[in-house]
Amino acid sequence: MKKNMDVEWSYSGERGPEHWAELCDWFAKGAEFPLQSPIHLVSSSPSSDPKETLSFHYQKQRFTDKEFKNTIHLVPFDQLSYVEFKNQRYYLTDIHFHLPSEHLINGRQEDIEFHFVHMNAQKENLVVGAMYQLAENEGWLYDRDNGDSWNLEQHEHWTNPEIFFPKKRSHFHYVGSLTTPPTSGPIQWFVMDQVGKLNKEFLLPFKGQYAQPNNRPLQPLNGRKIDYFEGISQ
Ligand SMILES: [Zn+2]
């Protein structure tokens, strides 16, 4: 199978989402996975024991920022922060964001959706999503009192990625796919339903090409089961 990392794709036009699967064999193969993401998430009564979901083990660490796959990414230098799910560790490998949100929650699309991409030893992915509304004069994400530093010129940032999460970590869990080519699966998805505030200034350094919409349209549910958890096991 031809696996060409250089195949160009975009969010509109001839290389937009409706055409991704036609762009190369690798994308075509990924699109065959029937449980695609993103999807519309609808609140239901909490279905399960929080002990059955993931737990977070994040710590302050060093990140750089990079631009690829039509999106800004924050990439950790080291494998330190991880989540645990079904007795397996998935290490944080990448943080990026989509404008506007890809998942919808109870019919609402938010301004931004952050994705925290994790990987286990078998190279299986687990992604956590967190939603934000853009705000003025509030919604600073950097915990400066805690010694966080954010240096966009040097492309070096020290932070505990936990600051990106809402205080109450109620969330959905379902099985889906990557939302960018090759859109392969299965991916364990955990999407928080508490919407945070993000100061508009956060986006200033990323203006221009990367302030363009980069959200994949909603995909069919295809009979999927969606779990809802009110909290996170600690
Ligand atoms: Zn994403």
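Residues numbered from 1 in each chain as written. Predicted model: local features only at pLDDT ≥ 70, side-chain atom pairs only at ≥ 80, totals over all residues. Heavy atoms only, no water.

1. Quick look at the overall build of the protein
Step number 1: From N to C terminus, the protein includes 2 helices and 15 strands.
Step number 2: The burial tally for the protein puts 50% of its 234 residues in the buried class.
Step number 3: Within the protein, contacts between residues separated by at least 24 positions form 66% of all contacts whose residues are at least 6 apart in sequence.
Step number 4: For the protein, the exposed area adds up to about 12,000 Å²; of that, 47% sits on carbon and sulfur atoms. (Helix = DSSP H or I, 4+ residues; strand = E, 2+ residues; numbered from the N terminus. Buried < 20%, exposed > 50% of the residue type's maximum accessible area, 1.4 Å probe, protein only. Contact = heavy atoms within 4.5 Å. Areas by Shrake-Rupley, 256 points an atom, 1.4 Å probe, with all protein chains shown as cover.)

2. Quick word on the packing of aromatic side chains
Step number 1: Under the defined criterion, the tally for this structure stands at 17 aromatic pairs.
Step number 2: Ring geometry for F97 and F114: centres 5.3 Å apart, planes at 40°, overall tilted. Taken together, the residues F97 in strand β6 (residues 88-98) and F114 in strand β8 (residues 112-119) connect sequence positions 17 residues apart. For the residue pair F97 and F114, the accessibility class agrees, reading buried in each case.
Step number 3: Relative to W189, the ring of Y174 has its centre 6.4 Å away and its plane inclined at 5°; by these criteria the two rings are stacked. A residue pair is termed long-range when its members are at least 10 positions apart, and Y174 in strand β12 (residues 171-176) and W189 in strand β13 (residues 187-192) qualify at 15 residues. (Phe/Tyr/Trp six-rings, centres within 6.5 Å; stacked < 30°, edge-to-face > 60°.)

3. Re the coordination of the zinc ion
Under perfect tetrahedral coordination by four donors, a metal shows angles of 109.5 degrees; under perfect octahedral coordination by six donors, it shows angles of 90 or 180 degrees.
Step number 1: At this site the zinc ion is bound by H96 (NE2), H98 (NE2) and H115 (ND1), with donor distances of 2.0 to 2.1 Å.
Step number 2: The motif formed by the donor residues of the zinc ion, counted along the single chain, is H-x1-H-x16-H. With a gap of 19 residues between them, H96 in strand β6 and H115 in strand β8 connect regions that are remote in the sequence. Each member of the pair, H96 together with H115, is buried. (Donors = N, O, S within 2.8 Å, 3.2 Å for Na, K, Ca; no water.)

4. Considering the pattern of salt bridges
Step number 1: By the definition in use, this model includes 6 salt bridges.
Step number 2: In this structure, E162 and R169 form a salt bridge, with 3.5 Å as the shortest nitrogen-oxygen distance.
Step number 3: You can call E162 partly exposed: its relative accessible area is 25%.
Step number 4: Residue class for R169 comes out buried when judged on its relative accessible area of 15%. (Salt bridge = Lys/Arg side-chain N within 4 Å of Asp/Glu carboxyl O.)

5. Comments concerning the pairing of β8
Step number 1: Counting buried positions along β8 yields 7 of 8 residues, so the element is predominantly enclosed.
Step number 2: Taken together, the 7 bridges between β6 and β8 define a ladder with antiparallel strand orientation. Its bridge partner lying in β8, I95 is registered against F116.
Step number 3: The loop that links β8 with its antiparallel partner strand β9 (residues 125-135) comprises 5 residues; one of these, K123, has a positive phi angle of about 60°. (Pairing = 2+ DSSP bridges.)

6. Quick word on the nonpolar core
Step number 1: In this structure, L54, F56, F114, F116, V128, F164 and F165 are the most contacted members of the largest nonpolar core, which totals 29 residues.
Step number 2: Counting only elements with at least two residues in this core, the list comes to β4 (71-76), β5 (82-85), β6, β8, β9 and β13.
Step number 3: Every residue in contact with F165, bar those within four places of it in the chain, is listed here: F56, Y58, F116, V128, A130, Y132 and M192.
Step number 4: Listed in part, the 12 residues of the second largest apolar core include I105, Y174, I187 and V191. (Core = buried A, V, L, I, M, F, W, Y, C linked by side-chain atoms within 4.5 Å.)

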